[in-house]
Amino acid sequence: MNDNGTDETDETDETAVTTGDLAPGPGETGDSGQAGIPELVIISGMSGAGRSTAAKCLEDLGWFVVDNLPPALIPTMVELGARSQGNVARIAVVVDVRGRRFFDNLKESLADLKEKQVPRRIVFLEASDNSLVARFESVRRPHPLQGDGTILDGIAAERDLLRELRGDADLVIDTSSLNVHELRAKMDAQFAGGEEPELRATVMSFGYKYGLPVDADLVVDCRFLPNPHWVPELRQFTGLNEDVAQYVFNQPGAKEFLNGYAELMHLVTEGYRREGKRYVTIAVGCTGGKHRSVAMSERLARRLASDGIETVVVHRDMGRE
């Protein structure tokens, strides 16, 4: 993905190892993970959505990255990592439709990993049809699945092929409005740092008039509260302004809503932890994404952080007006 959001992945059918040096020996056992089993991230998603950028970001963070590995070989790669005496503690594998003849094996490989209790996460990159078409046209390349049809035909076929995998993803990132630097920042926010937290939450404010965030796990609607936009002395400010925040939370039901949703999130996050889900994106919306949703997102993020959840706040549409 270049600065305009275009995926730079070389659309070939060759498997490319982009970092690291596996040199396993018979019976060797690593020091990381359960019984030396390395941590595994599977990167997939739509062609043109930024898979190569996500992979390069993990490479820069010290991950052993393999591009376009046939899914049937993922368990073998994990086994080799486990025999590397801890030299390969974190593996990232890019799986996409370039290896479509192997793609049917992915489900079996995931089942095998689960049976062996391999700690794995799936990161899914996607973007809107308009964004993907613009990216393919900008690099003057065909979509790998379009055949004799159009780019949109290829995109539709790929979405259908990847639908089940998207549903199983631990982290979905919509890159429609992201440049390469913003995508790298999102990846850094999730994977940089030391010890892996039990759960990470992204609280994202947004404006309904700009559309729902497609990577949201949960959506919170703040439009039942009076809009500060109609208060002349508050209109120019955002929900980060203390006067705006006080106006929002002085409205009937605002504090009760925050408290109630925080309690609900306590139940939900406990369930996520039990199910091994490590990421959740909570989208908090109002009409324009400037006042109510921003104020509510900030307060909700504080509540989640106080419950021990590592939380990142993103204001998607603030400043668009």
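Residues numbered from 1 in each chain as written. Predicted model: local features only at pLDDT ≥ 70, side-chain atom pairs only at ≥ 80, totals over all residues. Heavy atoms only, no water.

Trainee: Help me understand the side chain of D170 in this model?
Mentor: Turning to its location among the elements, D170 is positioned in the loop between α5 (151-168) and β6 (171-174). The exposure class of D170 is buried, given its relative accessible area of 11%. At a separation of 2.8 Å, a polar atom in the side chain of D170 contacts the main-chain amide nitrogen of I122. (Helix = DSSP H or I, 4+ residues; strand = E, 2+ residues; numbered from the N terminus. Buried < 20%, exposed > 50% of the residue type's maximum accessible area, 1.4 Å probe, protein only. Polar contact = N/O pair within 3.5 Å; in protein donor to acceptor, adjacent residues only side chain to side chain.)

Trainee: I keep staring at the pattern of salt bridges and nothing clicks. Help me out?
Mentor: Pairing between side chains becomes possible if they bear opposite charge and their charged atoms approach one another. By the definition in use, this model includes 13 salt bridges. Residues R163 and D160 are paired through a salt bridge, measuring 2.7 Å at the closest nitrogen-oxygen approach. Within this pair, R163 and its partner D160 are both found in helix α5, separated by three residues, close to a single helical turn. For R163, a relative accessible area of 52% gives the class exposed. By sharing partners, the salt bridges in this structure join R316, D317 and R320 into a single network. (Salt bridge = Lys/Arg side-chain N within 4 Å of Asp/Glu carboxyl O.)

Trainee: Which parts of the structure should I look at to understand the sheet that holds strand β8 (residues 218-221)?
Mentor: Each strand in a sheet pairs with another by means of backbone hydrogen bonds, the pair being arranged parallel or else antiparallel. Reading across from one edge, β8-β9-β7-β10 is the order of the four strands in this open sheet, with parallel pairing throughout. On the outer flanks of this sheet lie β8 and β10 (310-315), each paired with one strand and no other. Strand-to-strand, the axes of this sheet are offset by a mean angle of 20°, without reference to chain direction. Here eight bridges tie strand β7 (residues 200-207) to strand β9 (residues 279-286), and the two strands are oriented parallel to one another. By the bridge assignment for β9, R200 is matched with Y279. (Pairing = 2+ DSSP bridges. Axes fitted to C-alpha atoms, helices over the stretch in contact; angles between N-to-C directions.)

Trainee: Sorry if this is basic, but what is going on with the nonpolar core here?
Mentor: Side chains of nonpolar character tend, in soluble globular proteins, to be buried together. Ranked by size, the top nonpolar core spans 50 residues in total, and within it L40, I43, L58, I74, M187 and F191 carry the most contacts. The contacts of I43, once residues within four sequence positions are left out, are R51, A54, A55, L58, A92, V93, V94, V95, V123 and L125. Membership of the second largest hydrophobic core comes to 26 residues, among which are L234, V244, L258 and Y272. (Core = buried A, V, L, I, M, F, W, Y, C linked by side-chain atoms within 4.5 Å. Contact = heavy atoms within 4.5 Å.)

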